[in-house]
Amino acid sequence: MPDILISENIRGAAVDALSQTFSVEFAPELWKAPETLLKKIPDFRAIIVRNQTKVDAQLMAAASGLKVIGRAGIGLDNIDVASARQHGIPVAYTPDQNAISVAEIALGMMLCLARMIPAADADTKAGHWSRHAFVGTELYGKTLGIIAAGKIGFLTGRRAQAFGMRIVAHDPFLSRDNVLLRELQAELASLDDLLAQSDFVSCHLPSTPQTMGMLNAARFAKMKPSAFFINTARGEVVHEGDLIQALKQRTIAGAALDVRAKEPPIVGELESMPNVLLTPHIAAFTHEAQERVTYAVCEDVARALTGKPLIHPAY
Ligand code: MLT
């Protein structure tokens, strides 16, 4: 009987090492076939997923032998953690391991938007030399609004400080005397105040019933017409139709989206808007982050299967 099922594309030295001790079935496309997964799951003691496999109540009810769920990443929106707890199945995740990569791409997107780097690159490669078409703005002296100042938000703020930006944060789970906010010299603000003050808004919200569609027409209307919106968190927190209208009507200046309401998205208006930068949910995809994530999740799965407590339990 195999021990561990990997239902998404998660590879590397840590997976190879895990396979020396446990039998591992590597099925990177299985997340696309939930019925097949449901039939297979009773045979396994562990499952390792990224963000595509839906580990829901039905799957857990069928997973009679499951001793641990490993989530290679930080977001838990594809795992029914309450149901895992009910079934007594521990969930291991990797809350820190990709945070630097996400923070770095958030800064990269800010620079790309402010200096129109992708458009200037495309134009120059097309044979032009249009220097005056690409007069951008500096990050220096501008206000960065961080929505949700957890690890990734904090690390984004730290990097923005080096550019001489002022930080405003919105996070209902932080108090004004929070030491990390003090470290950022950040002001804690309501979401509406943050949106009104910021030149760049970087979204780091998890996807929960409370945050779904939180960035909607009313919220975009609070932003400055010169402001840029960056989302490297979860697509569901943005009402995409409202964002498209805000971009079309120049309620805001531009947006960079690494995550979408539906992934992969149906190609639509965003894909052809010049003031929009799109990437395919790659914020955590660096060699360093993936090595850390894979190592951490494999280590915890091995620990659970040998009766040891998890290092990174999700509950
Ligand atoms: C995460 O939640 O860790 C990132 O969005 C990447 C992923 O889901 O795999």
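Before going into details, it helps to say that this report is about the structure given with it.

Calculation criteria
- Residues numbered from 1 in each chain as written.
- Predicted model: local features only at pLDDT ≥ 70, side-chain atom pairs only at ≥ 80, totals over all residues.
- Heavy atoms only, no water.
- Helix = DSSP H or I, 4+ residues; strand = E, 2+ residues; numbered from the N terminus.
- Rg over C-alpha atoms; globule rule 2.2 N^0.38 Å.
- Buried < 20%, exposed > 50% of the residue type's maximum accessible area, 1.4 Å probe, protein only.
- Contact = heavy atoms within 4.5 Å.
- Lys, Arg positive; Asp, Glu negative; His and termini not counted.
- Charge placed at Lys NZ, Arg CZ, Asp CG, Glu CD.
- Axes fitted to C-alpha atoms, helices over the stretch in contact; angles between N-to-C directions.
- Parallel < 35°, antiparallel > 145°, perpendicular 65-115°, else oblique.
- Left-handed = near helix turned anticlockwise from the far one by under 90°.
- Nonpolar A, V, L, I, M, F, W, Y, C, P; charged D, E, K, R; others polar.
- Near = heavy atom within 4 Å.
- Polar contact = N/O pair within 3.5 Å; in protein donor to acceptor, adjacent residues only side chain to side chain.
- Phe/Tyr/Trp six-rings, centres within 6.5 Å; stacked < 30°, edge-to-face > 60°.
- Core = buried A, V, L, I, M, F, W, Y, C linked by side-chain atoms within 4.5 Å.
- Pairing = 2+ DSSP bridges.

Bringing the overall build of the protein chain into the picture now. The number of helices and strands found in the protein chain is twelve helices and twelve strands. In terms of overall dimensions, the protein chain is globule-like: its C-alpha atoms have a radius of gyration of 21 Å, near the 20 Å expected for 315 residues. Dimensions of the protein chain along its principal axes, counting C-alpha atoms only, are 65 × 50 × 35 Å. For the protein chain, the proportion of its 315 residues judged to be buried stands at 47%. Contacts in the protein chain between residues far apart in sequence, at least 24 positions, make up 59% of those at least 6 positions apart. Averaging the locations of the 31 positively and 33 negatively charged side chains of the protein chain gives two centres separated by 2 Å.

With their axes 8 Å apart at the nearest point, helix α5 (residues 99-115) and helix α7 (residues 151-162) run at an angle of 50° to one another. One element, α5, and the other, α7, form an angle in the oblique class. Where α5 crosses over α7, the two elements pack in a sense that is right-handed. Every residue of α7 that contacts α5 at A99, I100, V102, A103, E104, A106 and L107 is listed here: K151, I152, L155, T156, R159 and A160. Residue classes in the contact of α5 with α7 are distributed as nine nonpolar, one polar and three charged.

This brings us to the site of the ligand. What surrounds the ligand is the set R50, N51, R71, G73, I74, G75, N98, R234, H281 and A284. Measuring from an oxygen atom of the ligand, one finds a backbone N or O atom of G75 at 2.9 Å. Separating an oxygen atom of the ligand from a side-chain N or O atom of N98 is a distance of 3.0 Å. Residues of the shell around the ligand, tallied by class, amount to two nonpolar, five polar and three charged.

Take the packing of helix α1 (residues 13-21) against helix α12 (residues 287-305) next. Axis separation between α1 and α12 bottoms out at 8 Å; the angle between their running directions is 20°. As far as their axial angle goes, α12 and α1 are roughly parallel. Along this stretch, α1 crosses α12, giving a crossing that reads as right-handed. Touching A14, V15 and L18 of α1 are T294, Y295, C298 and A302, all from α12. For the contact of α1 with α12, the per-class residue count stands at six nonpolar, one polar and no charged.

Another point: the packing of aromatic side chains. Scanning the model with the defined rule gives two aromatic pairs in all. A ring pair is formed by F220 and F229, whose centres lie 5.5 Å apart and whose planes are at 85°; its orientation type is edge-to-face. Looking at F229, the relative accessible area reads 0%, which means it is buried.

Okay, the nonpolar core next. Ranked by size, the top nonpolar core spans 31 residues in total, and within it M110, L139, L144, M165, I167, F200 and I230 carry the most contacts. If you list the elements that add at least two residues to this core, you get α5, β6 (143-147), α7, β7 (166-170) and β10 (228-231). The leading source of residues in this core is α5, at eight residues. Residues in contact with M110, not counting those within four places in the same chain, are L139, L144, M165, F200 and I230. Counting residues in each nonpolar core, the second largest holds 27 residues, with I147, V201, C203 and F220 among its members.

The next subject is the sheet that holds strand β4 (residues 68-71). The parallel open sheet is built from five strands, whose spatial order is β2-β1-β3-β4-β5. Two strands bound the open sheet, and with one partner strand each, they are β2 (24-26) and β5 (91-92). Running over the sheet, α12 touches β1 (4-6), β3 (46-49), β4 and β5 and is turned about 175° from β4.

Considering the arrangement of structural elements, one finds T306 in the segment after α12. Sequence separation of T306 and K67 is 239 residues, and the distance between their C-alpha atoms is 10.0 Å. Within the structure, the side chain of T306 is placed 2.8 Å from the backbone oxygen of A302, a separation counted as a polar contact.

E263 connects to P264 through a cis peptide bond whose omega is -10°. For P264, the location among the structural elements is in the loop between β11 (254-257) and β12 (276-278). Positive phi outside glycine occurs at R250, with the angle close to 60°. Mapped onto the fold, R250 is located in the loop between α11 (240-248) and β11.

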